[in-house]
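Structure at a glance
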Amino acid sequence: MTNPSTLPWLAPPPADFREKARTAADGPALRALAGFALDANKAAALAKAADRLRPGGIAGLDPVRLGLLSNATTDLIVPALVAAGLRHGLLLDVVTGSYGQLFQQANDPESEINRARPDLVLLALDHRGLGLAAGQPDGVTRALAELDGLRRGLAAHCRAPAIFQTIAVPPEPLFGSLDARQPTTLRRMAADFNAGLVTGLENGTDYLLDVAGLAESVGTAQWHDPGQWFLAKLPFAQGLVPLYAEHVARLLAAVKGRSRKCLVLDLDNTLWGGVIGDDGLDGIVVGQGDGLGEAHLAVQHLALELNRRGVVLAVCSKNDDANARLPFRAHPDMALREEHIAVFQANWSDKASNIEAIARRLDLGLDAMVLLDDNPAERAQVRAALPMVAVPELPADPAQFGRILSWAGYFEAVAFSADDRKRAEQYRANAERAQLKETVRDLGDYLASLEMTLSVAPFDSAGRGRIAQLINKSNQFNLTTRRRTEAELAELAADPSVFTLQARLVDRFGDNGMIGVTICRPAAADWEIDTWLMSCRVLGRKVENAVLAEIAAAARAAGVAGVIGRFIASGRNEMVRDHYARLGFTPLGDQPDGSTLWRLDLAGWQAPALPMRVERRPETVR
């Protein structure tokens, strides 16, 4: 029986893994090695390789400093966290606090954690660290209050969001089934604590790591190892360290906007049993009443659920196009239909080329793609040609396909908004726009045919979560790549000297959602653009010109003479290096920190004609 503790969605490491780790010379090599199912020893070898390269910087990896506070021994966890971070494109620098000094580490401004200024702090506490024990009527209240004290200390002294853990219930009952009803049993206290923790995190800026759910997936008796706790104070079984590290890393990746966005589906023997080109519509197996058919139908239902929460779906199949589309159109038991598929690639080209075409049509990076394919040869070909694409290993039994895809956690989320729910439809509409653009010769005619409306407004509480998502995950069209927490965004919105702008775009194909964020601060007689980022989905539509027009109008209304723009190269935003030059700014030269400064004199600047209607709230212009 498949068990998540072995990371079964990842391929086994090669026999010469340690040698490859020892000689790894760059970020892509490290990330490729992290893509295997690594045990704790191999993870430690890879972490050592990352440490060897770390002093010179490692291109292609997002640096993240993680504070780690725990009531248990974490020496074995730290290298596994580093290795798992590499798998998700992160270069983790893990800072640990003194053992058993939780309150001091959070509340002393000079503690190791607070002096390190981490990006996030993981509070890896279990029932023992929170003092939860059977027979304590007020145990849950005290434990939640202790966590709140830690949170407030960290917020005050290092201003880093915290990651809180739910509690994995120990498997030893006191009353048996009655434990769930008795308020002072450990089982009931853990359930009440977890519910209180989840409620307390709603509408906040901290994050949740569901360790209780993780332990249940492997079995709580396997998770808790009394011998290892008594002997070495290990918080859970040593063999589960890679699984725990993987879940922490995928959560961090989601915070940094590195979760995948598109599920690419093979067809034959993946969405249905059989080969449509050989077996015909009546010969493929899918639907209720047949074990194999129900297994393939379950894969479709999972794809639909992912689509409803914003994951875009695509098809990549070696088939004649008409044959491949037939089940979607005519088979009565198919759950997926053509309208659910944003891009349909069915031809006889290799799958790597077709996935590249899908990514171009959706305007997504290859690191946003996941391929679900039953054929091991096809999986190997795509992994070799496109190492940025996630390709889960699948067993022979299609009944396990959905479980493996879910366990892999490619689409991890830390928030879910109305915009997220619309995302799949937005990408489908984007593919239609791209198709329209191919049929229109004149760019002006194409832009006019989109019938665009740009809505602009200052930052507000309703949009704050989505604004934080964009600020923390946008990399390409991002002039400064400055990250902000929701708490910091609230402070900026409340500051009357700061100009903030959120932009949304609607066209005849649908609602693109929030596509732009801008922050401007006073700089002597000018404004300086602290943050300017936009969704790559709307590039080439003159939206940046419209946003500049809004900035200029607000600046003039405030008596500002000019607008200063700064470009800070991040390694991933090369596409906007000439952004200010294209908008008519004058260069002010390179700065000592490596950035470049530009200035727009508002005295003689005029807004260009725009191919869109602009709607604004009155308070947008101060």
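The structure displayed is predicted, hence computed values, not measured ones. (Residues numbered from 1 in each chain as written. Predicted model: local features only at pLDDT ≥ 70, side-chain atom pairs only at ≥ 80, totals over all residues. Heavy atoms only, no water.)

The next thing to look at is the sheet that holds strand β7 (residues 312-318). Across the sheet, which stays open at both edges, the 4 strands sit in the order β8-β7-β6-β9 with parallel pairing between neighbours. Either end of the sheet is taken by a strand with one partner, and the two such strands are β8 (343-347) and β9 (369-372). With strand direction ignored, the average angle separating the axes of adjacent strands in the sheet is 20 degrees. Where β7 meets β8, 5 bridges bridge the pair, whose relative direction is parallel. Bridging from a neighbouring strand, C316 pairs with Q345 of β8. Across the sheet, helix α15 (residues 321-330) is in contact with β7 and β8; its angle to β8 comes to roughly 130 degrees. (Pairing = 2+ DSSP bridges. Helix = DSSP H or I, 4+ residues; strand = E, 2+ residues; numbered from the N terminus. Axes fitted to C-alpha atoms, helices over the stretch in contact; angles between N-to-C directions. Contact = heavy atoms within 4.5 Å.)

On to the pairing of strand β13 (residues 526-534). The buried count for β13 comes to 9 of 9 residues, which makes it a mostly enclosed element. Taken together, the 8 bridges between strand β12 (residues 510-523) and β13 define a ladder with antiparallel strand orientation. Of the residues in β13, the one forming a bridge with G516 is M534. The loop that links β12 with its antiparallel partner β13 comprises 2 residues; one of these, A524, has a positive phi angle of about 60 degrees. As paired strands, β13 and strand β14 (residues 562-567) are joined by 3 bridges and run parallel to one another. Within the sheet, the bridge partner assigned to I529 lies in β14 and is G565. (Buried < 20%, exposed > 50% of the residue type's maximum accessible area, 1.4 Å probe, protein only.)

Take the sheet that holds β13 next. The strand order across the open sheet built from 8 strands is β15-β16-β14-β13-β12-β11-β10-β17, with neighbouring strands paired in mixed fashion. This sheet does not close on itself; its edge strands, each paired only once, are β15 (586-590) and β17 (612-616). Along the sheet, successive strands turn relative to each other by an average axial angle of 25 degrees, direction set aside. Inspection of the sheet shows strand β11 (residues 499-507) paired to β12 by 8 bridges, in the antiparallel sense.

This brings us to the nonpolar core. L46, W223, Y244, L263 and F328 are the most contacted members of the largest nonpolar core, which totals 93 residues. At 10 residues, the largest contribution of residues to this core is made by helix α12 (residues 241-255). In this structure, this core is formed jointly by two domains, domain 1 (35-256) and domain 2 (262-418), each of which donates at least three residues. The residues touching Y244, leaving out its near neighbours within four places in the chain, are I77, L122, A124, Q165, L209, V211, L214, W223 and F236. With 43 residues, the next largest nonpolar core counts I515, A549, L583 and L602 among its residues. (Core = buried A, V, L, I, M, F, W, Y, C linked by side-chain atoms within 4.5 Å. Domains from an automatic or database assignment.)

Counting across every chain of the model gives 34 salt bridges. Among the ionic pairs, D51 bridges to R54, the shortest N-O distance being 3.0 Å. Judged by its relative accessible area of 44%, D51 falls in the partly exposed class. Take R54: its relative accessible area is 23%, and that puts it in the partly exposed class. Salt-bridge contacts for R308 lead to E305; the nearest nitrogen and oxygen are separated by 2.6 Å. Placement of both R308 and E305 in helix α14 (residues 291-308) is noted, with a separation of 3 residues, approximately one turn of the helix. Residue classification places E305 among the partly exposed residues on the basis of a relative accessible area of 46%. Each of the salt bridges in this network shares a partner with another, and the network as a whole consists of D62, R258, D367 and R572. (Salt bridge = Lys/Arg side-chain N within 4 Å of Asp/Glu carboxyl O.)

The subject of this paragraph is the packing of helix α7 (residues 139-157) against helix α8 (residues 186-201). For the pair α7 and α8, interaxial distance at closest approach is 9 Å and the crossing angle is 40 degrees. Classified by the angle their axes make, α7 and α8 are oblique. Viewed along their axes, α7 and α8 form a crossing whose handedness is right-handed. In contact with G139, V140, A143, L144 and L147 of α7, α8 contributes M189, D192, F193, G196 and L197. Considered class by class, the residues forming the contact of α7 with α8 number 7 nonpolar, 2 polar and 1 charged. (Parallel < 35°, antiparallel > 145°, perpendicular 65-115°, else oblique. Left-handed = near helix turned anticlockwise from the far one by under 90°. Nonpolar A, V, L, I, M, F, W, Y, C, P; charged D, E, K, R; others polar.)

Here we take up the domain arrangement of the protein. Entries for the protein in the domain assignment read domain 1 (35-256), domain 2 (262-418) and domain 3 (452-616). Centre-to-centre separation of domain 1 and domain 3, based on C-alpha positions: 37 Å. A buried area of about 630 Å², summed over both sides, lies between domain 1 and domain 3, and 42% of it is on carbon and sulfur atoms. When the area that domain 1 buries against domain 3 is broken down by residue, the three leading residues are R159, T205 and K256, summing to 64%. The interface formed by domain 1 and domain 3 holds 2 salt bridges in total. Measuring nitrogen to oxygen at the nearest pair gives 3.1 Å for the salt bridge that ties R159 to E491. Scanning the region where domain 1 abuts domain 3 turns up 2 residue pairs in polar contact (both at pLDDT 80 or more). When its residues are assigned to classes, the side of domain 1 that touches domain 3 shows 2 nonpolar, 2 polar and 3 charged. (Buried area = accessible area lost by both parts, 1.4 Å probe. Polar contact = N/O pair within 3.5 Å; in protein donor to acceptor, adjacent residues only side chain to side chain.)

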